[in-house]
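Here is how the chains run, residue by residue.
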Amino acid sequence: MNLIIWRHADAGDSLQDLKDDLERSLSERGKKQASRMSRWLEARLPESFAVVSSPAQRALQTAVTLSSKVRPEPRLLPGASLEEALQAIKIDEAHMRKSGHLVVVGHQPLLGQLLSHLVSGKETCWSIKKGALWWLQRKDAEPFWQVKAAIGPDLV
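Residues numbered from 1 in each chain as written. Predicted model: local features only at pLDDT ≥ 70, side-chain atom pairs only at ≥ 80, totals over all residues. Heavy atoms only, no water.

Enquirer: What exactly am I supposed to notice about the packing of aromatic side chains here?
Expert: The way to describe two aromatic rings as a pair is by their centre distance and the angle between their planes. Applying the stated criterion across every chain yields a total of two aromatic pairs. Aromatic side chains tryptophan 40 and tryptophan 135 sit 6.3 Å apart centroid to centroid with 80 degrees between the ring planes, which places their arrangement in the edge-to-face category. Taken together, the positions of tryptophan 40 in helix H2 (residues 28–42) and tryptophan 135 in strand S5 (residues 133–137) put the pair 95 residues apart, joining distant regions of the chain. Exposure remark for tryptophan 40: the relative accessible area of 15% places this residue in the buried category. The buried category is assigned to tryptophan 135, whose relative accessible area is 3%. On the numbers, 5.9 Å between centres and 40 degrees between planes, the contact of tryptophan 126 with tryptophan 134 is tilted. (Phe/Tyr/Trp six-rings, centres within 6.5 Å; stacked < 30°, edge-to-face > 60°. Helix = DSSP H or I, 4+ residues; strand = E, 2+ residues; numbered from the N terminus. Buried < 20%, exposed > 50% of the residue type's maximum accessible area, 1.4 Å probe, protein only.)

Structural data, given as structure tokens:
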């Protein structure tokens, strides 16, 4: 199974008002980052894969550069807990077993917590740069995920 954890591309600075922040769009730089990373992923992903994303505008805009079939997942919104993120991924485990690939688009610090938990079993927060992704791989019997790739948008 393959799990790609992708932090949304650049959308400028966060806003104080939560509603306004959730509606924040990608910057021009962010649009370029998302486009470059999508091309990189498209060259490596199989025909069938699933994409789940935080419903925040900047995350959805990042995700749709890869696929028009994005499932918005409220448990990936800023402020969600690690447990909520794990549940969001669990819903798509059946598809992940079938196609082998799930792309999750969201925010820091949640994605960093998820990454740390899946790879090391510890609940710390690893840093993920805006627009960057971590590609994890695991066999069914293995307890932890292994890092297949970690790449920032400035490297593609």
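Enquirer: Sorry if this is basic, but what is going on with the pairing of strand S2 (residues 50–53) here?
Expert: Successive residues of a regular strand alternate their side chains across the two faces of the sheet. The side-chain alternation of S2 yields two buried faces, one formed by Ala50 and Val52 and the other by Val51 and Ser53. Across three bridges, the pairing between S2 and strand S3 (residues 70–72) is parallel. Its bridge partner being in S3, serine 53 is matched across the sheet by proline 72. Since S2 and S3 lie parallel, the crossover through helix H3 (residues 57–64) that links them has a hand, and here it is right-handed. (Pairing = 2+ DSSP bridges. Right-handed = clockwise from strand over helix to strand, strands pointing away.)

Enquirer: For this particular structure, what's the right way to read the nonpolar core?
Expert: Generally speaking, soluble globular proteins have nonpolar side chains that are buried together. In this structure, Leu3, Ile5, Val104 and Leu114 are the most contacted members of the largest nonpolar core, which totals 23 residues. Put simply, the parts of the chain that give this core at least two residues each are strand S1 (2–7), S2, helix H4 (82–91), strand S4 (101–106), helix H6 (110–120) and S5. Among the elements that take part in this core, H6 stands out by supplying five residues, more than any other. Excluding its chain neighbours within four sequence positions, the residues that come into contact with valine 104 are Leu3, Ile4, Ile5, Trp6, Val52, Leu76, Ile89 and Leu111. Counting 16 residues, the second largest nonpolar core, distinct from the first, contains Ile4, Trp6, Leu41 and Trp135. (Core = buried A, V, L, I, M, F, W, Y, C linked by side-chain atoms within 4.5 Å. Contact = heavy atoms within 4.5 Å.)

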